[in-house]
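Each chain is listed here by its residues.
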Amino acid sequence: MSAFNALRSSKLVSWKPTGRLQQTLAGCVTRSGEGLHSGKVSTVRLCPAPAGEGRSFYFRDDLIPASVDFAQVSPLCTTLCKDGFRIRTVEHLLSALEASGVDNCRIEIESLDDEGRDVEIPIFDGSAREWVASVEEAGLKEATDRDGKSCEKIAPHVNEPVYVWRNDSFVAAFPSEVNRITYGISFPQAPAIGCQWFSTNPLDNMVYSMQIALSRTFCIYEEVEQMRNAGLIKGGSLENAIVCSTSKGWLNPPLRFSDEPCRHKVLDLIGDLSLFAQFGNQGLPMAHIVAYKGGHALHADLARRLMGII
């Protein structure tokens, strides 16, 4: 079966050659840190994987592919779930791998603090900077399959406008020969954030590492207690998020960018849409993606819509 025939697709997407070969890491790299929501420490080891196998998470005896098939709606993060095994907050790591061209990767997770089959990826400073640095440390190499053959990387091209929405929030994809993302957010209750827009044209590895990967997750100070009462952000602090008060503004400046919250939404979007990837091919669609007040659930819904699941 050819790579094209093996791909799950729909009339909304055409898979086309990129002119590049699939890549993987040149070596292994390990990082440890605390999870944002669980507050528990885990260790992540990124290792090379054969061409055509894509990105997969391994924890003890469990394996879960980084696929939208296993994406689960969860508050404030993207969770992968398979056979009762859950991995939370995968979006920053997957965003960095997708944007850095790590098409195939074995992601091994260890957690001494974990009970059961629920684990969380470290949050570090709330951005993807540490993951980009990890890829740079390991380096990239051409991926080969188990027979020693390389595979051409193909990418999904959007054929017609596609959109998903809830209330006044939406995510849409329009046909384009280059990757572009335009994102808007609105927080009228927090004037220091307000309404922001950020656009990339086009999106490439350099734009990602310099303008997107550095942006940190953010929250509204007055909502912190409510989130903690809901069992979230147990590991949250002023060191791994930028916090904005509705009345006092930013509590831990300076920002890395004046529109850092909006840029972080782009970071999340890339990670969530990377779940569209199949067999080590590109996950982020070749399209102009326009989003307004989106979130992880809507991002995943767009991937499902493009795949023809919804």
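The structure we're discussing is the one just above.
Within each chain, residues carry numbers counting from 1 in the order of the written sequence. For a predicted model such as this one, the threshold for reporting local features is a pLDDT of at least 70, and the threshold for listing and counting side-chain atom pairs is 80 or more; totals across whole chains, interfaces and linings nevertheless cover every residue. Values reported for side chains reflect all heavy atoms of the structure, with hydrogen atoms and water molecules removed beforehand.

Draft legend 1. Summary view of the sheet that holds strand 11 (residues 118–120). DSSP-based pairing: two strands are paired if at least 2 bridges between them are found. Only DSSP runs of H or I covering at least 4 residues are called helices, and only runs of E covering at least 2 are called strands; the numbering of each starts at the N terminus. Ordered by their spatial adjacency, four strands build an open sheet running 7-8-9-11, and the pairing between neighbours is mixed. For this open sheet the edge positions go to strand 7 (71–74) and strand 11, each flanked by a neighbour on one side alone. Taken over all neighbouring pairs, the strand axes of this sheet differ in orientation by 30° on average, direction set aside. For helices, the fitted line uses only the C-alpha atoms of the stretch in contact; every axis is such a line through C-alpha atoms, and the angle between N-to-C directions lies from 0 to 180 degrees.

Draft legend 2. Fine view of the pairing of strand 19 (residues 242–245). Residues I242 and C244 point to one face of strand 19 and V243 and S245 to the other, with burial holding for every one of them. With three bridges connecting them, strand 18 (residues 218–220) and strand 19 associate as parallel partners. Residue F218 lies in a different strand from strand 19, and its bridge partner there is I242. Place the viewer so that the strands point away; then a crossover is right-handed whenever the path from the first strand over the helix to the second strand goes clockwise. Following the chain from strand 18 across helix 5 (residues 224–229) to the adjacent parallel strand 19, one finds a crossover that is right-handed. As paired strands, strand 19 and strand 20 (residues 249–250) are joined by two bridges and run antiparallel to one another. By the bridge assignment, S245 is partnered in strand 20 with G249. Taking the residues between adjacent antiparallel strands as the criterion, strand 19 and strand 20 are bridged by three residues. Note on classification: 1.4 Å probe, protein chains only; a residue is buried when its accessible area is under 20% of the maximum for its type, exposed when over 50%, partly exposed between these limits.

Draft legend 3. Representation of unusual backbone geometry. Cis geometry marks the peptide bond from N201 to P202, where omega comes out at -15°. Relative to the helices and strands, P202 is located in the loop between strand 17 (194–200) and helix 4 (205–212). The omega torsion across P253 and P254 is 5°, close enough to zero to call that bond cis. One can find P254 in the loop between strand 20 and helix 6 (260–273). At R60, a residue that is not glycine, the phi angle is positive and equals roughly 55°. Within the element layout of this structure, R60 appears in the loop between strand 5 (55–59) and strand 6 (62–65). Backbone geometry at N167 places phi at a positive 55°, although glycine is not the residue there. With respect to the helices, strands and loops of the structure, N167 is situated in the loop between strand 14 (162–166) and strand 15 (169–175).

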